[in-house]
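Descriptive structure summary
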Amino acid sequence: MSETAAGTVIVISSHVMRGSVGNRAAVFALETLGFTVWAVPTVIMPWHPGHGRSTRMAIDPETFDAMLGELAASPWIGEVRAVLSGYLGNAQQIEAVARLVETLKARNPHLLYACDPVIGDRGDLYVPETVASGIRDRLIPLAGLATPNRFELSWLSSAALDSNAAILEAALALGPSRMLVTSAIAMMNGSTGNLYLSGHHALLAEHRLVDNPPNGTGDLMAALFLGRILEGHSEEKALQLATASVFEMVARSARRGADELTLQQDAHCLTGPMSLVQMRHLMHPGQARKR
């Protein structure tokens, strides 16, 4: 019997002692939606590196591989519906994640693997290139859902993404059947967008920009969208709900003057967001090629 009616998600990412990034954001979001979460740390840090220098404790490859192997062989593994991977601490962890996903998919072909390729932003990689290329070559091909930001998609696809049409083409070429690209190009002034592509839809969800947003929005978005898909929502509804939740959380955190997402204080934004999100249907690249 499942631990919860919603099921279990394995989340693999960084852990900070103080703050709301990595696993701290993703686990909270999924648990708030009603999922049981098995949280696997890839690195442990006192806080997000954006706050200043801190000690970084990476889980060594042998220990990490052993932990994932034990999870895969555990008596509760049948409860797992999805795996979400985020920040990885070294290139060796990539193979361990890949083996876990392959083992679980062999047991349950319906398992959803979501890869959040946390490799960089604002024009720069913040992981070694061996990690970035390993995610591209080993994990992206296994993913049923990928959630890069625009810079990450540009690096992974070796393409300049100066329009949403270019983003859609790159997303289609990269491979996963579902692709959610954050920091896409909004059509409204003063806004930002999340662009989603699947075999059925090309969608753009827009909301207004918030100045100086806290870190962790990508981690939160990936977890919320995955959770809404697992709940059985349509792709459009899942995108609308997840985008509205992240916008509300960021806006409320900014109004509080917080330097981190105020997840606990504003948890209601995750379950019942009220903000309006502009949803647009874009021309699917597959349709464009037929014209």
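Here's what I pulled together on the structure shown here.

Rules of the game
- Residues numbered from 1 in each chain as written.
- Predicted model: local features only at pLDDT ≥ 70, side-chain atom pairs only at ≥ 80, totals over all residues.
- Heavy atoms only, no water.
- Phe/Tyr/Trp six-rings, centres within 6.5 Å; stacked < 30°, edge-to-face > 60°.
- Helix = DSSP H or I, 4+ residues; strand = E, 2+ residues; numbered from the N terminus.
- Buried < 20%, exposed > 50% of the residue type's maximum accessible area, 1.4 Å probe, protein only.
- Pairing = 2+ DSSP bridges.
- 1 Å grid on protein atoms, 1.4 Å probe; cavity = no way out; pocket = protein on both sides within 12 Å on 5 of 7 lines; lining within 4 Å.
- Points joined across faces, edges and corners; volume = space filled by probe spheres on them.
- Nonpolar A, V, L, I, M, F, W, Y, C, P; charged D, E, K, R; others polar.
- Core = buried A, V, L, I, M, F, W, Y, C linked by side-chain atoms within 4.5 Å.
- Axes fitted to C-alpha atoms, helices over the stretch in contact; angles between N-to-C directions.
- Parallel < 35°, antiparallel > 145°, perpendicular 65-115°, else oblique.
- Left-handed = near helix turned anticlockwise from the far one by under 90°.
- Contact = heavy atoms within 4.5 Å.
- Salt bridge = Lys/Arg side-chain N within 4 Å of Asp/Glu carboxyl O.
- Expected span 1.5 Å × (residues − 1).

**Thoughts on the packing of aromatic side chains**
Applying the stated criterion across every chain, the model contains 1 aromatic pair. Considering the side-chain rings of Tyr196 and Phe225, the 5.2 Å spacing of their centres and the 55° angle between planes classify their relative orientation as tilted. Of this pair, Tyr196 sits in strand 10 (residues 191-197) while Phe225 is found in helix 7 (residues 217-230), placing the two residues 29 residues apart along the sequence. Exposure class is identical for Tyr196 and Phe225. Each is buried.

**Examining the pairing of strand 10**
Taking burial as the measure, the 7 residues of strand 10 include 7 buried ones, the bulk of the element. What you see with strand 10 is no split at all: Ser191, Gly193, Leu195 and Leu197 on one side and Thr192, Asn194 and Tyr196 on the other are buried throughout. Direction of pairing for strand 9 (residues 178-184) relative to strand 10: antiparallel, over a ladder of 4 bridges. Bridging across to strand 10, Leu180 finds its partner in Tyr196. As consecutive antiparallel partners, strand 9 and strand 10 are separated by 6 residues, and within that stretch Gly190 has a phi angle of approximately 70°, a positive value. Here 7 bridges tie strand 10 to strand 11 (residues 202-208), and the two strands are oriented antiparallel to one another.

**A closer look at the layout of surface pockets**
Its boundaries defined by the atoms lining it, the largest pocket holds a volume of some 1400 Å³. Forming the boundary of the largest pocket are 44 residues, of which Asp121, Arg122, Asn215, Thr217 and Gly218 lie nearest the centre. Mapped by element, the contributors of at least two residues to the lining of the largest pocket are helix 5 (150-157), strand 9, strand 10, strand 11, helix 7 and helix 8 (235-255). Tallied by class, the residues present in the lining of the largest pocket amount to 16 nonpolar, 19 polar and 9 charged.

**Concerning the nonpolar core**
If you look at the biggest cluster of nonpolar residues, it comprises 56 residues, and the most contacted ones within it are Ile10, Ile12, Val97, Tyr113, Ile135, Leu139 and Leu153. Counting residues per element, this core draws most heavily on helix 3 (residues 91-107), at 7 residues. By size, the runner-up hydrophobic cluster in this structure holds 45 residues, among which are Leu84, Leu203, Ala244 and Met279.

**Some remarks on the packing of helix 5 against helix 6 (residues 164-174)**
Between helix 5 and helix 6, the shortest axis-to-axis distance is 10 Å and the interhelical angle comes to 55°. When the axis of helix 5 is compared with that of helix 6, the two are oblique. Seen along the crossing, helix 5 lies across helix 6 with a hand that is left-handed. Contacts between helix 5 and helix 6 involve Arg150, Leu153, Leu156 and Ser157 on the former and, on the latter, Ile167, Ala170, Ala171 and Leu174. Of the residues in the contact of helix 5 with helix 6, the class split is 6 nonpolar, 1 polar and 1 charged.

**Topic: the pattern of salt bridges**
Within this structure, the stated rule accounts for 13 salt bridges. Across the pair Arg99 and Asp65 runs a salt bridge whose closest N-O atoms are separated by 2.4 Å. Highlighted residues: Arg99 in helix 3 and Asp65 in helix 2 (residues 61-72), separated in sequence by 34 residues. Looking at Asp65, the relative accessible area reads 29%, which means it is partly exposed. Here Glu95 makes a salt bridge to Arg138, at a shortest N to O gap of 2.9 Å. With Glu95 in helix 3 and Arg138 in helix 4 (residues 129-139), the pair connects residues that are 43 residues apart, well separated along the chain. A relative accessible area of 30% places Glu95 in the partly exposed class. Judged by relative accessible area, Arg138 falls into the partly exposed class, the value being 25%.

**Comments concerning helix 7**
With 14 residues, helix 7 should cover 20 Å at 1.5 Å per step; its first-to-last C-alpha distance of 20 Å lies within 8% of that length. Counting buried positions over the 14 residues of helix 7 gives 12, a clear majority of the element. Downstream of helix 7 by one or two residues, Gly232 has phi in the positive range, about 100°.

**A few points about the environment of Asn108**
Relative to the assigned elements, Asn108 resides in the loop between helix 3 and strand 5 (112-115). Since its relative accessible area comes to 25%, Asn108 is described here as partly exposed. With 28 residues separating them along the chain, Asn108 and Val80 place their C-alpha atoms 9.1 Å apart.

**With respect to empty space enclosed by the protein**
The tally for this structure, following the rule as stated, stands at 1 cavity of 30 Å³ or more. In terms of lining, the largest cavity is formed by Val11, Ser13, Gly22, Ala26, Leu84, Ser85, Gly86, Asp116, Asp219 and Ala222. Contributing elements (two or more residues each) for the lining of the largest cavity: strand 1 (8-16), strand 4 (80-85) and helix 7.

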